[in-house]
Amino acid sequence: MAKDSFLVGLIGAGIGPSLSPALHEREADRQGLRYLYRLIDIDRLGLPARSVGDLVRAARDLGFDGLNITHPCKQLVIGHLDALAPQAEALGAVNTVVFEDGRATGHNTDVTGFAASFARGLPDVPLERVVQLGAGGAGAAVAHATLTLGAGRVTVVDALAERAVDLAAGLNRRFGAGRAAAATPDRLADLLPGADGIVHATPTGMAAHPGLPFAAELLRPGLWVAEVVYRPLETGLLRRARAAGCATLDGGGMAVFQAADAFRLFTGREPDAARMLSDIGELAGAVTAPK
């Protein structure tokens, strides 16, 4: 008899505004499943990011079916898992953990989630020269997705220079020499005038991290801007980008498509992504159409 009851959760910092519980539970309700999605906020628990291993073990012992993992734990969690799916291993970042037969296996649905959202929302933009701001767990996923979508070259920018260098090196190993480069934020003023678009993959703009990730003066017509932050959907960066005449993509689509892929891993059931896109429109305000 097919399993019809699931207990899952999300581990991360400052995740109170997350829409993941509602996205998963709404889809489960439509499929007649009993599905409980719990938030495990390390900020509220007063725990450091390195405690993710203890939390994963506790969830497994308590009978959870799986976990989503978000900032700042996507890379730290890897050392506490029994196995990695190929995509997660290639990225060095995990956003979904599935418990089965006493084992914890790490997956990454951010890659497929961002790729599906980008193809849907910015289908015809040029991809020869892309700048990406952020080389953390989400950054690794979206950089892989962008190159998979056909980007010619991605320049990864991060305040932690070594992190950008490591990600670029991994991208070049996987996609071929010269497909990725690393830079620090002080180089953005030099990089953006020659770029086709920029992907923003840092927490800046989230409810808990308001503000702009770089000077709005660097935005210009002809530059597309893709955002990973989805709460709020209308970040300060996207607002300023639209005012500057940029084509834009909010983070709502990525949130939905990665959630749909995680739902499939947790339940073995096929989610309806179109219904989930409608859900996020209701939950966070209408998903902004590209302009």
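Residues numbered from 1 in each chain as written. Predicted model: local features only at pLDDT ≥ 70, side-chain atom pairs only at ≥ 80, totals over all residues. Heavy atoms only, no water.

Visitor: Where do I start with the overall build of the protein in this structure?
Guide: Helix and strand counts for the protein come out as 11 helices and 12 strands. On C-alpha atoms alone, the protein measures out to a radius of gyration of 18 Å, which is about the 19 Å that the 2.2 N^0.38 rule sets for 291 residues. For the C-alpha atoms alone, the extent of the protein along its principal axes is close to 55 × 35 × 35 Å. Buried positions account for 52% of the 291 residues belonging to the protein. Long-range contacts, defined here as pairs at least 24 residues apart, represent 69% of the contacts in the protein between residues at least 6 apart. For the protein, the accessible surface area stands at approximately 12,200 Å², while carbon and sulfur atoms represent 52% of it. (Helix = DSSP H or I, 4+ residues; strand = E, 2+ residues; numbered from the N terminus. Rg over C-alpha atoms; globule rule 2.2 N^0.38 Å. Buried < 20%, exposed > 50% of the residue type's maximum accessible area, 1.4 Å probe, protein only. Contact = heavy atoms within 4.5 Å. Areas by Shrake-Rupley, 256 points an atom, 1.4 Å probe, with all protein chains shown as cover.)

Visitor: What exactly am I supposed to notice about the pattern of salt bridges here?
Guide: Any two side chains of opposite charge can pair if their charged atoms end up close together. Scanning the entire structure with this criterion turns up 14 salt bridges. Of the charged contacts in the structure, one is a salt bridge between Asp65 and Lys3, with a shortest N-O distance of 3.3 Å. Here Asp65 is found in the loop between helix 3 (52-61) and strand 3 (66-69), whereas its partner Lys3 is found in the segment before strand 1 (5-12), with 62 residues between them in sequence. Ionic pairing is found between Asp272 and Arg275, a salt bridge with its closest N-O pair at 3.5 Å. Classification of Asp272 by relative accessible area gives partly exposed; the value is 28%. Connected through salt bridges with shared partners, the residues Arg26, Glu27, Arg30, Asp272, Arg275, Asp279 and Glu282 form a single ionic network. (Salt bridge = Lys/Arg side-chain N within 4 Å of Asp/Glu carboxyl O.)

Visitor: Help me out: how do you make sense of the packing of helix 1 (residues 20-30) against helix 11 (residues 273-284) in this one?
Guide: Axis angle and axis distance: for two packed helices, these are the angle between their axes and the distance between the axes, and together they describe the pair. Across the interface, helix 1 lies against helix 11 with an axial gap of 10 Å and an inter-helix angle of 130°. On the basis of their axis angle, the class for helix 1 and helix 11 is oblique. Seen from above, helix 1 lies across helix 11 with right-handed handedness. Together, Ala22, Leu23, Arg26, Glu27 and Arg30 of helix 1 and Arg275, Met276, Asp279, Ile280, Glu282 and Leu283 of helix 11 make up the contact between the two elements. Along the lines of polarity and charge, the residues of the contact of helix 1 with helix 11 split into 5 nonpolar, no polar and 6 charged. (Axes fitted to C-alpha atoms, helices over the stretch in contact; angles between N-to-C directions. Parallel < 35°, antiparallel > 145°, perpendicular 65-115°, else oblique. Left-handed = near helix turned anticlockwise from the far one by under 90°. Nonpolar A, V, L, I, M, F, W, Y, C, P; charged D, E, K, R; others polar.)

Visitor: Please clarify how the sheet that holds strand 1 should be interpreted in this entry.
Guide: Strand pairing within a sheet occurs via backbone hydrogen bonds; the two strands may be parallel or antiparallel. If you walk across this open sheet you meet the 6 strands as 2-1-3-5-6-4, and the pairing is mixed. The two strands at the open ends of the sheet, each matched to only one other strand, are strand 2 (34-41) and strand 4 (83-84). Running over the sheet, helix 1 touches strand 2 and strand 3 and is turned about 175° from strand 2. (Pairing = 2+ DSSP bridges.)

Visitor: Looking at this structure, I do not really get the layout of surface pockets. What am I missing?
Guide: Estimated volume of the largest pocket: approximately 910 Å³. Along the walls of the largest pocket sit 44 residues, with Thr70, His71, Lys74, Ala138 and Met206 positioned nearest its centre. Elements that contribute at least two residues to the lining of the largest pocket include exactly strand 3, helix 6 (137-148) and helix 10 (252-267). The element that contributes the greatest number of residues to the lining of the largest pocket is helix 10, accounting for 3 residues. Looking at the lining of the largest pocket residue by residue, the classes come out as 24 nonpolar, 15 polar and 5 charged. In this structure, the second largest pocket occupies an estimated 190 Å³ of space. Contributing to the lining of the second largest pocket are 15 residues, with Ala90, Leu91, Ala140, Asp166 and Leu167 lying nearest its centre. (1 Å grid on protein atoms, 1.4 Å probe; cavity = no way out; pocket = protein on both sides within 12 Å on 5 of 7 lines; lining within 4 Å. Points joined across faces, edges and corners; volume = space filled by probe spheres on them.)

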